[in-house]
Each structure stands twice: as structure tokens, then as C-alpha cells.
Amino acid sequence: MKADPNMQVVILVGNLHDDDAFSRDAIKGMEHTALELKKAGKQVIIVSPIPTFDYDPPSKLALASRAGHAPETIGTPRAVYEQRRGHIRDEFIRFTAANDMTTIRPDTLFCDTICHVYRSGEGVLYFNAGHLSLTGAGLLTAYRDGRSIIYRANFTHYAELMGFLLDEVTENNAEAATALQAFFKDHPAGETPARAKA
């Protein structure tokens, strides 16, 4: 990777969780790798941890929809993200600022007062408790514009993902399937860019 002249930008991502020995070692390893790549002339971008959940978001959305709750209200308080992963994000921000690198912060896309599992105009953001859906991952599609990074949602696979989720989440519950299908028919996805400072 260091010697490949065609590879000019390297994005480092780690699914890091709590403040344990594994996470601390992984952070040190990512930072060491980032410095080595920078020495080799690469532009390095580190993605800080995504919000994760103690439940399966698609299942919770199905149950909430069945109970008549707005899916935009489903999530976990941002304070939980800050407690579990804020220190990792802050370490990456300090490290990248000190070494002229970039940090992408998924929390700025997924969280306000809560970390959302669904966004109106975008769709279901999580495949399961710890992994983004294609829609959620599409929000991390980014390009640089001066000192800003522009994030854009990508809905190329939205219909396929929704079909899969509807089948999986509502496999044994025809009533939930009908409720979800009606909801998504009334709430189509649209591409909404979000802008955040680097």
C-alpha cells in the first residue's frame, strides 16, 4: 500500500467500542499505520466510531411502526454514544489535527440529541445493532470541498435493502409487514446532502 503510486488516499476505519485494552491497542495501531502512510506521501482519513445500539434497529423500527410511533424518534440518547465512544472520537480528532490528517465523524451525521436509526428522506440507517445499512453507509460517501468534507446519501441500493429488511424483520408477522410497507410507501427516500467542517 505504501509503495503503490496509484493509491493516494487511505481511509482507516475501526469498529472500536469501549475503553478496554483491545481498543487502546487498536487505536495505537491505527495511529502508527496512519503515520507510516503519511510518511509514504498518502493522504490519510480516519473514520471515528459509528453509534451502535443494544438492540436490532430494523426490528425495533418494525415494532415501533406497528405501535404507531414515528420512526424518526427511535434511537439512543447521544449521551450514550459520548460515554461509550466519544473518547475514541476525541483521540482521533486530536491525533489527526496534530498530524495534518482528516477525521470523518459519523456522529455528526447520525446524532442530534439522539443517535438515529432512521431518517426521514433517507431511510433505515442500520442493518443491525453494529453495522450500517447501505443507506447509512452511503451517508459516509464524502468528497472534499476546500476545508469542508461534503457527505452525500447514496440510495442506489435502497429498494433492494428495504425489500431484504422487510422480508427479514417481518418474516413471521404479516401485520408488521403490512404496516412497514404502508409506512415506506408514504415516506419515500430522497437524496439530502449534509455539510460538515473537516
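So, a few notes on the structure that sits alongside this text. (Residues numbered from 1 in each chain as written. Predicted model: local features only at pLDDT ≥ 70, side-chain atom pairs only at ≥ 80, totals over all residues. Heavy atoms only, no water.)

**A word on helix H1 (residues 21-39)**
Alright, step 1. Counted at 1.5 Å a residue, the expected span for H1 with its 19 residues is 27 Å, and the 27 Å between its end C-alpha atoms agrees.
Alright, step 2. Taken together, the buried positions of H1 are Ser23, Ala26, Ile27, Met30, Glu31, Ala34 and Leu37. Projected down its long axis, H1 shows its buried positions confined to an angular sector of 135°, all on one face. Residues of H1 that are exposed and point over 90 degrees away from its buried face: Lys28 and Lys39.
Alright, step 3. The secondary structure elements touched by the buried residues of H1 are strand E1 (9-13), strand E2 (43-47) and helix H3 (78-98).
Alright, step 4. Just downstream of H1 lies Gly41, where phi reads positive at about 90°. (Helix = DSSP H or I, 4+ residues; strand = E, 2+ residues; numbered from the N terminus. Expected span 1.5 Å × (residues − 1). Buried < 20%, exposed > 50% of the residue type's maximum accessible area, 1.4 Å probe, protein only. Arc of directions from axis to C-beta. Contact = heavy atoms within 4.5 Å.)

**Concerning the pairing of E2**
Alright, step 1. With four of five residues buried, E2 lies mostly within the body of the structure.
Alright, step 2. Pairing of E2 with strand E4 (residues 102-104), which is carried by three bridges, proceeds in the parallel orientation. Looking at E4, one finds that Ile46 is bridged to Thr103. (Pairing = 2+ DSSP bridges.)

**Here we look at the pairing of E1**
Alright, step 1. Burial along E1 is one-sided: Val10 and Leu12 are buried, while Val9, Ile11 and Val13, pointing the other way, are not.
Alright, step 2. Relative to E2, E1 runs parallel, the two being bridged by five bridges. Within E2, the residue paired with Val10 across the bridge is Val44.

**Let's talk about the packing of H1 against H3**
Alright, step 1. With their axes 12 Å apart at the nearest point, H1 and H3 run at an angle of 20° to one another. Between H1 and H3, the crossing angle belongs to the class labelled roughly parallel. As for how H1 packs across H3, the hand of that crossing is right-handed. Residues Ile27, Met30, Glu31, Ala34 and Leu35 of H1 touch H3, and the partners they reach there are Ile88, Glu91, Phe92 and Phe95.
Alright, step 2. Residue composition of the contact of H1 with H3, by class: seven nonpolar, no polar and two charged. (Axes fitted to C-alpha atoms, helices over the stretch in contact; angles between N-to-C directions. Parallel < 35°, antiparallel > 145°, perpendicular 65-115°, else oblique. Left-handed = near helix turned anticlockwise from the far one by under 90°. Nonpolar A, V, L, I, M, F, W, Y, C, P; charged D, E, K, R; others polar.)

**Concerning the side chain of Glu31**
Alright, step 1. As for its placement among the helices and strands, Glu31 is situated in helix H1.
Alright, step 2. Salt bridges are absent for the buried Glu31, whose nearest opposite-charge side chain, Arg94, sits at 7.6 Å.
Alright, step 3. Excluding residues within four positions of it along the chain, Glu31 makes contact with Glu91, Phe92 and Phe95. (Lys, Arg positive; Asp, Glu negative; His and termini not counted. Salt bridge = Lys/Arg side-chain N within 4 Å of Asp/Glu carboxyl O.)

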